[in-house]
Amino acid sequence: MALHHGRDAPRKTLSFGVHAVDGHLPGGGLGLGQLHEVAPAAEGDEPAALGFALALVARRLAAVRGEALLVIAKGHPMPYGHGLAGLGLDPDRLLLFEAGSDRDVYRALEEALRAGGNGGPAAGNGGQAAGNGGQAAAGGGLAAVAGLVDAGIPLIQSRRLHLAGARTDGLLVVLRPAGAESPNVAATRWRIAAGKALRDRFGCIERPCWRVRLDRCRNGRTGDWLLEWDHAAHRFGLAGALAGHPPEAGACGPRAGRP
């Protein structure tokens, strides 16, 4: 997975590895050090939206040393080890923190960014587990910071995160509920719904699938895709392409069934 520099500013990006998606994003990927907003497309799509956000975190960790921080507002279920591993995330590299309120979530995210949300290049393919009782790998830092909140992202809080993130090369994602619209300075806004996942012969999900809609992109273009996630290779693909079938061009069709 390559990190690219944007055309208009020396800002690194996290590519999806899918030209159809990266071509809509300035610099060819998600701007690192910038706020990205993720939301379920509708009630009931919260697990899909969380899975998509964690897949982005996993892709980032596959390319760099360091750890990721997930700050969750009280009342949200905590991700568990088996589920994280199923998305390609090493639980030893994910720090979980439960906050008492949305305000506490934003405070924790901002402090984490100001403390040093940077990750160095990974040694070899896919990076190594931090180990050592949860300590970051030598030379690493927080490569990704994500938060789960109960309401829309307030403008003031988004500005504070934007300023704190600008000092880092970390991935910054905030997941908020469906319908909780609020003006903010996020560079992108993604709406996620469940797609029909590829299953193995035992009926277990082999590759998660999401209907992904980019409905806001500063200096870029909006779009709509059906994406699969290969947790072993830490890469996205247009639905069907990862299985060796030709993907549909452009936007996806009618909403696919849920996994």
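Position labels on residues start from 1 in each chain and follow its written sequence. Local features in a predicted model are, by the rule used here, given only for residues with pLDDT of at least 70; side-chain atom pairs are given and counted only at 80 or more, and totals for whole chains, interfaces and linings are based on all residues. Think of the side-chain values as coming from all heavy atoms in the structure, minus any hydrogens and water.

Asker: Explain the confidence of the model for the protein chain to me, please; I cannot follow it from the model alone.
Answerer: Close reading of the predicted structure is inappropriate where its pLDDT is low. What pLDDT expresses is the predictor's confidence in each residue, scored from 0 to 100. Summary statistics for the protein chain give a mean pLDDT of 82 and a share of 76% for residues scoring 70 or more. A run of H or I in DSSP counts as a helix once it spans at least four residues, and a run of E counts as a strand once it spans at least two, with each numbered from the N terminus. Summarising per-element confidence for the protein chain, the mean pLDDT is lowest in strand E1 (residues 3–5) (43) and highest in strand E4 (residues 35–40) (98). Any two residues whose heavy atoms approach within 4.5 Å at even a single point are treated as in contact. For residues 243–259, every residue scores under 50 in pLDDT, and the model assigns this stretch 37 contacts once sequence neighbours within four places are set aside.

Asker: What exactly am I supposed to notice about empty space enclosed by the protein here?
Answerer: By rolling a water-sized probe across the atoms, one finds the places where empty space is left. Buriedness of a pocket was judged along seven lines, with at least five required to meet protein on both sides within 12 Å; pockets are open sets of points on a 1 Å grid over the protein atoms alone, cavities are sets where a 1.4 Å probe fits but cannot get out, and lining residues have an atom within 4 Å of a point. Grid points are joined across faces, edges and corners, and a volume is the space filled by probe spheres set on the points. Tallied over the entire structure, the rule returns one cavity of 30 Å³ or more. Volume-wise, the largest cavity comes out at about 40 Å³. Considering the residues around the largest cavity, the lining is formed by Leu 50, Ala 53, Leu 54, Val 57, Leu 70, Ala 146, Gly 147, Leu 148, Val 173 and Leu 175. The element best represented in the lining of the largest cavity is helix H2 (residues 46–61), accounting for four residues. Charged means Asp, Glu, Lys or Arg here, nonpolar means Ala, Val, Leu, Ile, Met, Phe, Trp, Tyr, Cys or Pro, and polar covers whatever is left, Gly included. In terms of residue class, the lining of the largest cavity is built from nine nonpolar, one polar and no charged.

Asker: Please explain the environment of Gly 83 as it appears in this structure.
Answerer: Take Gly 83: it is sitting in helix H3 (residues 81–86). Residue classification places Gly 83 among the partly exposed positions, given a relative accessible area of 27%. C-alpha of Gly 83 to C-alpha of Gly 51: the two residues are 32 residues apart in sequence and 9.4 Å apart in space. When accessible area is computed with a 1.4 Å probe and restricted to protein chains, residues below 20% of their type maximum are described as buried, those above 50% as exposed, and intermediate ones as partly exposed.

Asker: For this particular structure, what's the right way to read the environment of Val 149?
Answerer: Looking at the element boundaries, Val 149 is found in the loop between strand E7 (142–148) and helix H5 (155–165). Note on Val 149: relative accessible area 1%, which makes it buried. Measuring from C-alpha to C-alpha, the distance between Val 149 and Val 105 comes to 7.1 Å, with 44 residues separating the pair along the chain. With residues near it in sequence (within four places) discarded, Val 149 still touches Ala 73, His 76, Asp 102, Val 105, Tyr 106, Val 174, Leu 175, Arg 176 and Pro 177.

Asker: Mind showing me how you'd approach the sheet that holds strand E14 (residues 235–238) here?
Answerer: To summarise the sheet geometry, strands pair through backbone hydrogen bonds and adopt either a parallel or an antiparallel arrangement. DSSP bridges decide pairing: two strands pair if at least two such bridges lie between them. Strand order in the open sheet formed by nine strands is E6-E5-E7-E8-E4-E9-E12-E13-E14, with mixed pairing between adjacent strands. Two strands close off the open sheet at either side, each with one partner strand: strand E6 (94–99) and E14. With direction set aside, neighbouring strand axes in the sheet form an average angle of 25°. Examined bridge by bridge, strand E12 (residues 209–217) and strand E13 (residues 223–230) share six bridges and lie antiparallel to one another. Within the sheet, the bridge partner assigned to Val 212 lies in E13 and is Trp 225. Axis angles are defined between N-to-C directions and span 0 to 180 degrees, where every axis is a line fitted to C-alpha atoms and, for a helix, only to the segment in contact. Helix H4 (residues 102–116) contacts strand E5 (67–73), E6, E7 and strand E8 (171–175) of the sheet and is inclined by roughly 170° relative to E7.

Asker: For this particular structure, what's the right way to read unusual backbone geometry?
Answerer: Excluding glycine, residues mostly have negative phi values, and the peptide bonds linking residues are mostly trans. A positive phi angle, close to 65°, is found at Asn 219, a residue other than glycine. Relative to the helices and strands, Asn 219 resides in the loop between E12 and E13. Owing to a relative accessible area of 66%, Asn 219 belongs among the exposed residues under this scheme. A positive phi angle, close to 55°, is found at His 234, a residue other than glycine. One can find His 234 in the loop between E13 and E14.

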